[in-house]
Amino acid sequence: MSPDAPAPGAGASNPSGGPRYPLLFRPLRIGPLEIRNRVIFAGHGSRFVDWHTHQLTERQGHYLAERAAGGVGLVIQGSSMVHPTGLAAAGVNEVYSDAAIPAYARVAEMVQAEGAAIFGQLSHLGRQGDTFANHRELWAPSAVADPASRVVPHAMTRRDIADLIDCYRSAARRLVLAGFDGIEVYLAHGYLLCEFLSRFSNRRADGYGGPLENRCRLPLEVLEAVRAEVGDSVPVGIRVSAEEFVPDGLSPGECSEIVAHLMARTRLDYVSVSQSNYASIDRMIPDMSFPRAPFAHYAGAVRAATDGAPVFAVARLVSPEQCEALLEAGTADAVCLVRPLIADPEWAAKAADGRREDIRECISCNVGCRGGPHRGSPIACLVNPAVGEEARWGFRRLGRASAPRRVTVVGGGPGGLKAAETAALRGHDVVLWEASVRLGGQVLVAAAAMDYRDEFAESVRFLARQVRKLGVELRTGSRADAALALQNEPSCVVVATGGLPGGFEVPGSERVVPAQTAISHGVAGPRVVLADAGEAGWKACTTAENLAAAGHAVTLVTPGSVAVAMDAFSRPPMLRRLRAAGVEFLEYHTLSAVSLGTAEVTETLTGRRSTLAADSVVGSAYDIADDAVYNELLALQDEGRIPDTEVHAVGDCLAPRGAIDAIWDAFRVTRDL
Ligand SMILES: Cc1cc2nc3c(=O)[nH]c(=O)nc-3n(C[C@H](O)[C@H](O)[C@H](O)COP(=O)(O)O)c2cc1C
Ligand code: SF4
């Protein structure tokens, strides 16, 4: 960085002169502390935690420090459990024992070394947990099962309440001892303290239930205990759900009353406004089917109650323009971002330094950041394969290769584009061949299924812009075979030729229209049977949406449950949309035969067969690897004809999977090249 360049996150100049996002990059006072700008990496569970000891890891430190180095003003370490009964999910971290302090201290040190402040979020999962995680009962205000967890919790006794308050107090002490700059008490998202606040979950008849004052009692006692422990010099704030979207749940009006009630009795240095609980989980982390900034207005609603203390807005605040506009409108004083900073750790620095067009925007797909935890793994990201690998592959570490090489990439889908981008960033001379005139591959077809899916295409549009900017030589509209791929004598060929639509091995399968073709060209007749081979994910569902939107009466036949492979945040709105569009579900059925005007299906549970009337049968089948070029190159290697050429296959031509897998493959083979 030149001496004249603004420090990451500190300034906001742009080449056209004058600050481009002046409000976003103005310092913010949070009680006694000033942070360098108003971009906050909000609390979230990454699961970069030791799953056995529940301690934070070095990996978590690198993950957070990467975003601090990328210019954010404040990092909030997500959900830290104050009591063993709160540890009711896999991969969450504890702060209820002194053994936790060294790891918190290390994480704080790593974040602060990059110029950001760090707060810790104190939490207890309450009844929204899983007893298998810690072999303990769940705690809640009342013995009423949460609709998502489906377990009757223990209704907390007065003794439990006193114990819990003490645990919050000592957890706050540990964070301060570990060098944290502030504390956030988690009153949001349907977890324990939120359960006390909300009539949806609090049915108590004692002094902790009933009128608002009583429902606020435990959160207030916790906040008073935390403040008494940390004193006036440490900022203490809260995170609330302003709207729970459930009967008897919190509303912006009641949430504002709660905030005013708490602030009249204890000092709060900020209020972070979110929304939802597990019963409305799809709106907690809204996917691309929601408009951008769908819930920021709740921050505006609560702001009137905070008596000047700063208010943070959140959820799908993807672009700096949008964030700046929220601050300008007075909706909020700062913005909380999670997924946009998972997708691009340098989001803030790029916005501040006039590198706006280089921001790799989060596409709100939830595929990696929610899909990882959904499958029992840590978070990942469809557009950022370095998530969780910051220590080795973060943006500050992906240096240039010592010797530039000639690299040829065959295929311009997500895998090919990512390979070309990474190789070019490493300083290699890259040629990319793509048979189509457009870059993007199957992502473009998938994104065309519905208007709201267009954001999916941004993942490849971004890469296409970057490879052009990096000087990759593009040979679009040219299908390369092995000979063409070797034309300029590359020392490395990355084959990313993708997949071909698979079929169904059933009588009459030649009548089945592949989903990709149905989306691109449409199908005949009013009645359409759409057979899902078993992926039970976005492809079958968006094809069903597309066909229903085109006016067909669609029956979706699937071997298990509809959309069962989708994460818990995107699946409910998908099911709602499908049913609202009139799509019929035929679950636990597979396609067994197709003939003119009918589709025969078999129930997987009983083997019983039945016949459906169908003017068209569309198949959402598993794809087949298009590995011809890869095999040609391997054969040349085997014959000893290209002894000095490395050959790699990435993405669907290696094994047909999702775009995230193609991007992982591409990054893996090129980051060391
Ligand atoms: C993987 C993941 C884990 C999360 N865990 C927490 C958490 O521990 N505490 C919390 O307050 N919010 C949590 N959230 C919610 C986020 O803080 C944020 O409100 C939400 O992601 C919407 O913001 P975004 O659109 O910027 O991602 C989590 C979000 C994600 C994606
Ligand atoms: S996986 Fe998708 S939603 Fe999650 S951070 Fe990455 S781009 Fe955003």
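Residues numbered from 1 in each chain as written. Chains lettered and ligands numbered in written order. Predicted model: local features only at pLDDT ≥ 70, side-chain atom pairs only at ≥ 80, totals over all residues. Heavy atoms only, no water.

### Notes on the site of ligand 1
Next up, step 1: Close contacts around ligand 1 come from 21 residues, with Gly43, Arg239, Arg316, Val338 and Arg339 the closest.
Next up, step 2: Between ligand 1 and the protein, one listed contact pairs a nitrogen atom with a backbone N or O atom of Gly45 at 3.0 Å.
Next up, step 3: Take Arg316: an N or O atom from its main chain is 2.7 Å from an oxygen atom of ligand 1.
Next up, step 4: Within the complex, the protein chains bury 96% of what would otherwise be the 610 Å² of accessible surface of ligand 1.
Next up, step 5: Split by residue class, the shell around ligand 1 holds eleven nonpolar, six polar and four charged. (Near = heavy atom within 4 Å. Polar contact = N/O pair within 3.5 Å; in protein donor to acceptor, adjacent residues only side chain to side chain. Areas by Shrake-Rupley, 256 points an atom, 1.4 Å probe, with all protein chains shown as cover. Nonpolar A, V, L, I, M, F, W, Y, C, P; charged D, E, K, R; others polar.)

### Quick notes on the site of ligand 2
Next up, step 1: Taken together, the neighbourhood of ligand 2 is formed by Arg339, Ile342, Cys362, Ile363, Ser364, Cys365, Asn366, Gly368, Cys369, Cys381, Leu382 and Val383.
Next up, step 2: Most atoms of ligand 2, that is more than half of them, are within 2 Å of grid points of the largest cavity.
Next up, step 3: Tallied by class, the residues present in the shell around ligand 2 amount to eight nonpolar, three polar and one charged. (1 Å grid on protein atoms, 1.4 Å probe; cavity = no way out; pocket = protein on both sides within 12 Å on 5 of 7 lines; lining within 4 Å. Sits in = over half its atoms within 2 Å of the grid points.)

### Looking at the pattern of salt bridges
Next up, step 1: As enumerated under the stated definition, the model contains 48 salt bridges in all.
Next up, step 2: A salt bridge links Arg576 to Asp282; the shortest N-O distance between them is 2.5 Å. Here the residue Arg576 occupies a position in helix α21 (residues 571–580), and Asp282 occupies one in the loop between β11 (270–274) and α9 (297–303), the gap between them amounting to 294 residues.
Next up, step 3: Given a relative accessible area of 43%, Arg576 falls into the partly exposed group.
Next up, step 4: With its nearest N and O atoms 2.5 Å apart, the salt bridge here joins Glu600 to Arg609.
Next up, step 5: Salt bridges sharing partners connect three or more residues here, namely Arg20, Arg292, Arg316, Glu321, Arg356, Glu361 and Glu455. (Salt bridge = Lys/Arg side-chain N within 4 Å of Asp/Glu carboxyl O. Helix = DSSP H or I, 4+ residues; strand = E, 2+ residues; numbered from the N terminus. Buried < 20%, exposed > 50% of the residue type's maximum accessible area, 1.4 Å probe, protein only.)

### Details of the pairing of strand β9 (residues 182–187)
Next up, step 1: For β9, the tally of buried residues reaches six of six residues, placing the bulk of the element in the interior.
Next up, step 2: Neither face of β9 is exposed, since Gly182, Glu184 and Tyr186 on one face and Ile183, Val185 and Leu187 on the opposite face are all buried.
Next up, step 3: Bridge count for strand β6 (residues 117–123) against β9 is four bridges, and the pairing is parallel. Note on β9: the bridge partner recorded for Phe119 is Gly182. (Pairing = 2+ DSSP bridges.)

### Structural notes on helix α10 (residues 320–328)
Next up, step 1: Three or more residues of α10 are buried, namely Pro320, Gln322, Cys323, Glu324, Leu326 and Leu327.
Next up, step 2: On the buried face of α10, the contacting elements are β13 (334–337) and α12 (347–352).
Next up, step 3: Once α10 finishes, Gly330 follows within two positions and takes phi at roughly 80°, a positive value. (Contact = heavy atoms within 4.5 Å.)

### Observations concerning the nonpolar core
Next up, step 1: One finds Leu122, Ile183, Val185 and Ile238 to be the most contacted residues of the largest nonpolar core, which totals 175 residues.
Next up, step 2: When residues of this core are assigned to their parent elements, the largest contribution, eight residues, is made by helix α4 (residues 158–177).
Next up, step 3: Discounting residues that sit within four places of it in the chain, Val185 has contacts with Leu122, Tyr168, Leu193, Val222, Leu223, Val226, Gly237, Ile238 and Arg239.
Next up, step 4: Of all hydrophobic cores here, the second largest spans 17 residues; its members include Val431, Leu486, Val647 and Ala649. (Core = buried A, V, L, I, M, F, W, Y, C linked by side-chain atoms within 4.5 Å.)

Note that all results are geometric; they support no functional claim without further evidence.
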